[in-house]
Amino acid sequence: MRYYPLLLDLHHKNCLVVGAGTVGTRKIRTLLKASPKHLLVLDTAPFSTKLTRLAARHPELVLENRTFSANDLDQKHLVFACTSNRTLNAAIARGCQQRNILCNIIDDPQAGDVVLPSIIQRGDLLVTVSTSGKSPALCRTLRQELDCRFGEEYEILLDLLGRIRQAMLPLGQDSDDNAECFRSLVNSSLLAAIREKDTDEIRTILARLLPKELHPSIGALTHDLFPSL
Ligand SMILES: C[C@@]1(CC(=O)O)c2cc3[nH]c(cc4nc(cc5[nH]c(cc(n2)[C@H]1CCC(=O)O)[C@@](C)(CC(=O)O)[C@@H]5CCC(=O)O)C(CC(=O)O)=C4CCC(=O)O)c(CCC(=O)O)c3CC(=O)O
Ligand SMILES: NC(=O)C1=CN([C@@H]2O[C@H](COP(=O)(O)OP(=O)(O)OC[C@H]3O[C@@H](n4cnc5c(N)ncnc54)[C@H](O)[C@@H]3O)[C@@H](O)[C@H]2O)C=CC1
């Protein structure tokens with residue numbers, strides 16, 4: 001395995017993107033979705049209106065119209081070198097290496113430590129695709145295929161499973177019993193019932209598969225699954 005896959009919580013992390021062109025802007029959008037504590041973006045050219053609008057909505061996003069200097073790495077945890085200047089990107093990579101800061105170098109991935117995958121997101125469900133840098137074009141195509149495969153019902157299913165799990169674990173049942181129950185829910189026709197927005201059927205399935213201690217909670221677990229209905 002060329003890369004170690006992991007999911008990073010950015011809520012307490014300071015990030016830096018140098019270069020806000022086509023690729024830099026894509027990296028910025030993905031970063032913002034994960035709510036970093038602070039995201040500084042540097043570019044020598046004027047920022048696009050897309051980015052200035054984003055900055056108006058996101059106080060954590062700070063755009064500065066200037067070039068990079070080494071002290072921009074102070075207090076940073078994750079850095080993206082996204083300029084069209086190979087020499088500058090390489091200098092950022094070296095600076096990050098010296099200070100043990102994780103970095104992504106868009107024109108020389110091997111000089112950095114992290115590469116980004118394609119992402120399919122349905123609420124808290126993330127399906128990611130990586131080719132370890134061999135073919136971003138294949139990532140994109142697979143992402144488009146998976147986009148069709150995973151509908152919004154997965155977000156609702158996952159929310160429901162999360163609620164059930166939170167209610168189940170405090171019951172203190174044997175963990176094998178918990179696992180069997182969760183697997184039976186996942187393998188049931190729950191997903192199809194959610195796709196059909198059939199609340200009665202969802203409740204019937206839960207009554208069949210959940211331990212009896214949770215039966216009184218089925219109404220509360222399911223009442224607001226479809227806020228638009
Ligand atoms: C190594 C990596 C480092 C990194 O950036 O993290 C990297 C590197 C490079 N990409 C290049 C080109 C393209 N990148 C894309 C698209 C994406 N690139 C992404 C990630 C990664 N790209 C990392 C590895 C991911 C992996 O393979 O696992 C995605 C998945 C995520 C994201 O960027 O958010 C996003 C898809 C988003 C989506 O749609 O789902 C397209 C597709 C298109 O635009 O049609 C093309 C043109 C087609 C092609 O080249 O395949 C070049 C220039 C090569 C040249 O000079 O020509 C380099 C530099 C190099 O390879 O040296
Ligand atoms: N990793 C990836 O996903 C991909 C990487 N690439 C590589 O990335 C490079 C950049 O691609 P694009 O974003 O399309 O180019 P772009 O030209 O849209 O963006 C480059 C940005 O860097 C800025 N910049 C240049 N010198 C700077 C400096 N000294 N300080 C601050 N900002 C500076 C420019 O003003 C511009 O906004 C390409 O040359 C290619 O090698 C290309 C496609 C995808």
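The rules behind these values
- Residues numbered from 1 in each chain as written.
- Chains lettered and ligands numbered in written order.
- Predicted model: local features only at pLDDT ≥ 70, side-chain atom pairs only at ≥ 80, totals over all residues.
- Heavy atoms only, no water.
- UniProt positions renumbered as here; feature names shortened; annotations may be inferred.
- Buried < 20%, exposed > 50% of the residue type's maximum accessible area, 1.4 Å probe, protein only.
- Helix = DSSP H or I, 4+ residues; strand = E, 2+ residues; numbered from the N terminus.
- Pairing = 2+ DSSP bridges.
- Right-handed = clockwise from strand over helix to strand, strands pointing away.
- Near = heavy atom within 4 Å.
- Polar contact = N/O pair within 3.5 Å; in protein donor to acceptor, adjacent residues only side chain to side chain.
- Areas by Shrake-Rupley, 256 points an atom, 1.4 Å probe, with all protein chains shown as cover.
- Nonpolar A, V, L, I, M, F, W, Y, C, P; charged D, E, K, R; others polar.
- Domains from an automatic or database assignment.

- Under an unreviewed UniProt entry, the protein has the name precorrin-2 dehydrogenase and belongs to Desulfoplanes formicivorans.
- The Pathway (unreviewed entry) comment attached to the protein in UniProt states, word for word, "Porphyrin-containing compound metabolism; siroheme biosynthesis; sirohydrochlorin from precorrin-2: step 1/1."
- Taken from UniProt, the Catalytic activity (unreviewed entry) comment for the protein reads in full: "precorrin-2 + NAD(+) = sirohydrochlorin + NADH + 2 H(+)".

**Some points on the pairing of strand β4 (residues 78-81)**
Next, step 1: Going residue by residue along β4, you find L78 and F80 tucked away on one face and V79 and A81 tucked away on the opposite face as well.
Next, step 2: Looking at chain direction, strand β1 (residues 14-18) and β4 are connected through four bridges and run parallel. Pairing of V18 across the sheet is with A81, part of β4.
Next, step 3: Bridge count between β4 and strand β5 (residues 102-105): four bridges; the pairing is parallel. Among the inter-strand pairings, F80 is bridged to a residue of β5, identified as N104.
Next, step 4: Chirality of the crossover, the property in question, places the unit of β4, helix α3 (residues 86-98) and β5 among those that are right-handed.

**Section: the site of ligand 1**
Next, step 1: Close to ligand 1 lie 20 residues, the nearest being K27, N104, S118, T131 and R143.
Next, step 2: Taking S118, its side chain carries an N or O atom lying 2.6 Å from an oxygen atom of ligand 1.
Next, step 3: Relative to its unbound accessible area of 1,100 Å², ligand 1 is 67% covered by the protein chains.
Next, step 4: Put simply, the parts of the chain that give the shell around ligand 1 at least two residues each are α1 (22-33) and α4 (136-149).
Next, step 5: Per-element accounting of the shell around ligand 1 gives the leading share, five residues, to α4.
Next, step 6: Along the lines of polarity and charge, the residues of the shell around ligand 1 split into eight nonpolar, seven polar and five charged.
Next, step 7: Among the domains, domain 1 (1-116) and domain 2 (118-150) are the pair contributing at least three residues each to the shell around ligand 1.

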